[in-house]
Amino acid sequence: MRFGICYYPEHWPPERWEADAQLMQQAGITLIRVAEFAWSVIQPTADQYEWQWLDDVIALFGRYGIDTMIGTPTATPPIWLTRQHPDILHVDSNLQPREHGGRKHYCPNSPTYRAHSHTIVTKMVERYGQHPHVVGWQIDNEFGESNSARCYCTHCEAAFHQWLRERYSAIATLNEAWGAVFWSQTYSEWAQIPLPSDNNPRPNPSHKLDYYRFASDSFVSYQAEQIAILRTHAPHHVVTHNYMGLFPELDCFDLARPLDFAAWDNYPTGFPDQWRDMIDDTQANYAYDVGDPGVMGLAHALMYGLKQRPYWVMEQQCGHINWGKMNPRSRPGTPRLWTWHAVAEGADTIVYFRWRATVLAHENYHSGLLKQDGTPDVGYRDLLMLQQERALLDETAAQPNAAAVAILFSYDDLWAQELQPHRHDWHYLQAIYNWYDALRRQGINVHLVNDTADLAPYSTLIAPSAHIVTDPLVAKLTEYAQKGGTVILGVRSGFKTESNRVTERPLPGQLRDLVGATVVDWSPLPDNVTVTLSCNILSGTAGYWLEHLETETAEAVATTADGTVLTRNQVGDGQLFYVGWWPTSGQIQDLMAHLGVTSDVLLPAGVVHKRRGERSILLNFTDQVQVVHLGDRVVSIAPRDVAVVTR
Ligand code: GAL
């Protein structure tokens, strides 16, 4: 595995660079990521390029055995570009163009912006594509950040029309797919179709879902243009992008497909704040400065599942940040714990953000491995500790990251349910998290995958809510079950067609044959209403959302006084369960135990267990000593410490 650092040499005088290189070398850093926000330094005016500083940086760090990963600088178009061509600007959902002075103020569909980003990326890769110390490229930075995933400019409107044409061919087909006859929306020309901005308080969910898909595809296509340039001029370099974990507005599976590997920015004390209204994990007694490893674990599981292989953490928090709700300082040991967590979850390269805390502008309250004064901070000292245990880290990162269970994740389902949650607090991510968390609390490895994944490695596939169903999904699930897999479907599965209409078939629509039962009624349940279950494999009550089924080929596994709520259907050599309520952790664990998905790990709350090959990695995210039972072994772990046990 490899350690790297996000480095901003343009923020410091060149006389300082060599001292930085020496300090990096001492800490085992062999990679710098540079230049992703340096467009105005590289190209201060439209016809002037300044390469010398970057040439010098790459050469100097190369002399210290440190390679360079270059970020294409398109997240920050310079002022000469935004002033000369205001049509490149992102327009928000209130139809207001973004002002210059932050970042991500561009539209990926602006032809002018595409032309300028084509030029700057080409110039960069022409210059550095064959450089012996350059190893790869990060495209742009965090697509969607600064609320930029969905743009409402006139270029997007035109591109949306084209996207719709390609999808539906005929306007009548679109009208049918969207149910446009409802509220007199029927269109007769593509050009009439508006972007569903906030000026329409009651948008059609089919229209809006297609707009969300289009917005995501816009970044896929924008990224593809950069990939093509990079691959042409630097075919031997790796190419990636840094995602924001569970960021819900862009389809990371689509974005990751053409990349060499996935990468993401892991901010344990920041992202859980942002995701708190979608994922509520209030149970643990985590230390105050570690963030939420359950929620971050879900993001790691997604990042592994994007390509079902090791990924990079392109920005690993290594001290306090400046954009969370509280931003506590990291105590010694916490950056080390996050690093081990990332490695345990499947990252094989950890790039910290950032090298030296800046004195400048937007992020001058943010930490780095070094303090603003250039001396080591907590993160740097933790990195020195990690170098002491480097052999163990390397061996751990090289172990297989197998999982018996995969959870099916679909951005279409996430968006469709966000548009129509039906109960105010329904969140697709919460549904996913409930299943993930029940397994994680038993120390069972889980990957998050989409419907294009190779499912062969998994004995069980859980779809907490396979809401929008397509023919390929039905075929995939059928084949998987017929070959011996167990599929578990949760509530609201099969309810919608691809264009976000409700299916006209009996529920669960296209999945009904596989389920072997019909969902005959469904309802959210108020929080104070629960229904007693009668079942041999799990106990307790059903709540949150309830669906009753009438069995055909399936057998009833759990019932309430009003009917069947859990079914099992034999499908070839495998089987399918339909769970007609939102199960508790304990119920999920009982169902899994019934399926033979168990572990011999007894975990106290606040401790994470990951199995990697013959290794058990135990991470204590609390401030107390914790005792874990691994089979008949008892392992004690100090506060915020890590134990790696070979089994
Ligand atoms: C990330 C971003 C970095 C930096 C960092 C601060 O989202 O990619 O450029 O802003 O946050 O925590």
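Everything numeric in this text was worked out from a predicted model, so none of it was measured. (Residues numbered from 1 in each chain as written. Predicted model: local features only at pLDDT ≥ 70, side-chain atom pairs only at ≥ 80, totals over all residues. Heavy atoms only, no water.)

Caption draft 1: Structural context of the sheet that holds strand β24 (residues 615-620). If you walk across this open sheet you meet the three strands as β23-β24-β27, and the pairing is antiparallel. On the outer flanks of this sheet lie β23 (607-612) and β27 (642-646), each paired with one strand and no other. Ignoring strand direction, the axes of neighbouring strands in this sheet form an average angle of 15°. The pairing of β24 with β27 spans five bridges and is antiparallel. By the bridge assignment, Ser616 is partnered in β27 with Val645. (Pairing = 2+ DSSP bridges. Helix = DSSP H or I, 4+ residues; strand = E, 2+ residues; numbered from the N terminus. Axes fitted to C-alpha atoms, helices over the stretch in contact; angles between N-to-C directions.)

Caption draft 2: Just the site of the ligand, in detail. Surveying the vicinity of the ligand reveals the residues Phe37, Arg103, Asn141, Glu142, Asp265, Tyr267, Glu315, Trp323, Phe353, Glu363 and His366. With respect to the ligand, the side chain of Arg103 contributes an N or O atom lying 2.9 Å from an oxygen atom. Within the side chain of Glu142, one N or O atom sits 2.5 Å away from an oxygen atom of the ligand. Notes on the ligand: free accessible area 310 Å², of which the protein chains cover 97%. Considered class by class, the residues forming the shell around the ligand number four nonpolar, two polar and five charged. (Near = heavy atom within 4 Å. Polar contact = N/O pair within 3.5 Å; in protein donor to acceptor, adjacent residues only side chain to side chain. Areas by Shrake-Rupley, 256 points an atom, 1.4 Å probe, with all protein chains shown as cover. Nonpolar A, V, L, I, M, F, W, Y, C, P; charged D, E, K, R; others polar.)

Caption draft 3: Looking closely at unusual backbone geometry. Phe353 connects to Arg354 through a cis peptide bond whose omega is -10°. For Arg354, the position within the fold is in the loop between β9 (347-353) and α13 (378-388). Residues Leu507 and Pro508 are joined by a peptide bond in cis, for which omega reads 0°. When you line up the elements, Pro508 lands in the loop between β13 (486-489) and α18 (512-515).

Caption draft 4: Focus on the domain arrangement of the protein chain. According to the domain assignment, the protein chain consists of domain 1 (2-148 + 216-397), domain 2 (405-594) and domain 3 (601-646). Put simply, the middle of domain 1 and the middle of domain 3, counted by C-alpha atoms, are 30 Å apart. Domain 1 puts 25 residues into the contact, and the matching count from domain 3 is 18 residues. Buried area between domain 1 and domain 3, summed over both chains or domains, comes out near 1,800 Å², and the portion from carbon and sulfur atoms is 56%. Ranking the residues of domain 1 by area buried against domain 3 places Asn285, Leu337 and Ala344 at the top, with a combined share of 29%. Counting the contacts that link domain 1 with domain 3 gives four salt bridges. Residue Lys610 pairs with Glu345 through a salt bridge whose shortest N-O separation is 3.5 Å. Applying the counting criterion to the domain 1 and domain 3 interface returns ten residue pairs in polar contact (both at pLDDT 80 or more). Counting residues per element, the ones that place at least two in the side of domain 1 that touches domain 3 are α12 (334-345) and α14 (390-397). (Domains from an automatic or database assignment. Contact = heavy atoms within 4.5 Å. Buried area = accessible area lost by both parts, 1.4 Å probe. Salt bridge = Lys/Arg side-chain N within 4 Å of Asp/Glu carboxyl O.)

Caption draft 5: Inspection of the sheet that holds strand β8 (residues 311-317) at higher detail. Taken together, nine strands build an open sheet; the order of strands is β5-β4-β3-β2-β1-β9-β8-β7-β6 and the sheet is parallel. Each having just a single partner strand, β5 (238-240) and β6 (242-243) make up the two edges of the open sheet. Across the face of the sheet, helix α11 (residues 293-307) comes into contact with β6, β7 (263-266) and β8 while running at roughly 170° to β7.

Caption draft 6: Seen up close, the environment of Arg309. Here Arg309 shows up in the loop between α11 and β8. As for Arg309 and Ala347, which are separated by 38 residues in sequence, their C-alpha atoms are 8.9 Å apart. Look past the residues within four positions of Arg309 in its chain and what remains in contact with it is Asp260 and Tyr304.

Caption draft 7: Layout of the pattern of salt bridges. Counted under the stated rule, the structure contains 36 salt bridges. Asp55 is the partner of Arg127 in a salt bridge, and the nearest nitrogen-oxygen pair spans 2.7 Å. Highlighted residues: Arg127 in helix α5 (residues 111-128) and Asp55 in helix α3 (residues 52-63), separated in sequence by 72 residues. Overall, Asp55 belongs to the buried group, its relative accessible area being 17%. With a shortest N-O distance of 3.2 Å, Asp254 and Arg257 are connected by a salt bridge. Under the relative-accessibility criterion, Arg257 is labelled partly exposed at 45%. Connected via shared salt-bridge partners are Arg167, Asp210, Arg213, Asp412 and Glu498. (Buried < 20%, exposed > 50% of the residue type's maximum accessible area, 1.4 Å probe, protein only.)

Caption draft 8: Quick peek at the nonpolar core. If you look at the biggest cluster of nonpolar residues, it comprises 176 residues, and the most contacted ones within it are Phe61, Tyr243, Trp355 and Phe409. The element contributing the most residues to this core is helix α8 (residues 205-233), with ten residues. (Core = buried A, V, L, I, M, F, W, Y, C linked by side-chain atoms within 4.5 Å.)

Caption draft 9: Structural context of the packing of α3 against α5. Here α3 crosses α5 at 40°, and the two axes come no closer than 12 Å. Overall, the two elements α3 and α5 adopt an arrangement that is oblique. Along this stretch, α3 crosses α5, giving a crossing that reads as right-handed. Side by side, α3 and α5 meet where Leu54, Asp55 and Ile58 of the first sit next to Met124, Arg127 and Tyr128 of the second. Looking at the contact of α3 with α5 residue by residue, the classes come out as four nonpolar, no polar and two charged. (Parallel < 35°, antiparallel > 145°, perpendicular 65-115°, else oblique. Left-handed = near helix turned anticlockwise from the far one by under 90°.)

Caption draft 10: Layout of the packing of aromatic side chains. Per the counting criterion, the structure on display carries 41 aromatic pairs. On the basis of an interplanar angle of 75° and a centroid distance of 6.3 Å, the ring pair of Phe143 and Tyr222 is categorised as edge-to-face. Of the two residues, Phe143 sits in the loop between β4 (134-138) and α6 (154-168) while Tyr222 sits in helix α8, which places them 79 residues apart along the sequence. As far as the burial class goes, Phe143 and Tyr222 line up, both buried. Here the aromatic rings of Trp426 and Trp582 are separated by 4.7 Å at their centres, their planes lie at 40°, and the arrangement is tilted. (Phe/Tyr/Trp six-rings, centres within 6.5 Å; stacked < 30°, edge-to-face > 60°.)

Caption draft 11: A look at a nonpolar patch on the surface. Nonpolar side chains collect at one region of the surface, where Val181, Phe182 and Trp183 lie side by side and expose about 400 Å² of accessible area between them. Turning to its location among the elements, Val181 is positioned in the loop between α7 (171-178) and α8. Val181 gets classed as exposed once you look at its relative accessible area, which sits at 69%. (Patch = residues over 30% accessible without salt bridge, like charges linked within 9 Å, V, L, I, M, F, W, Y side chains within 5 Å.)

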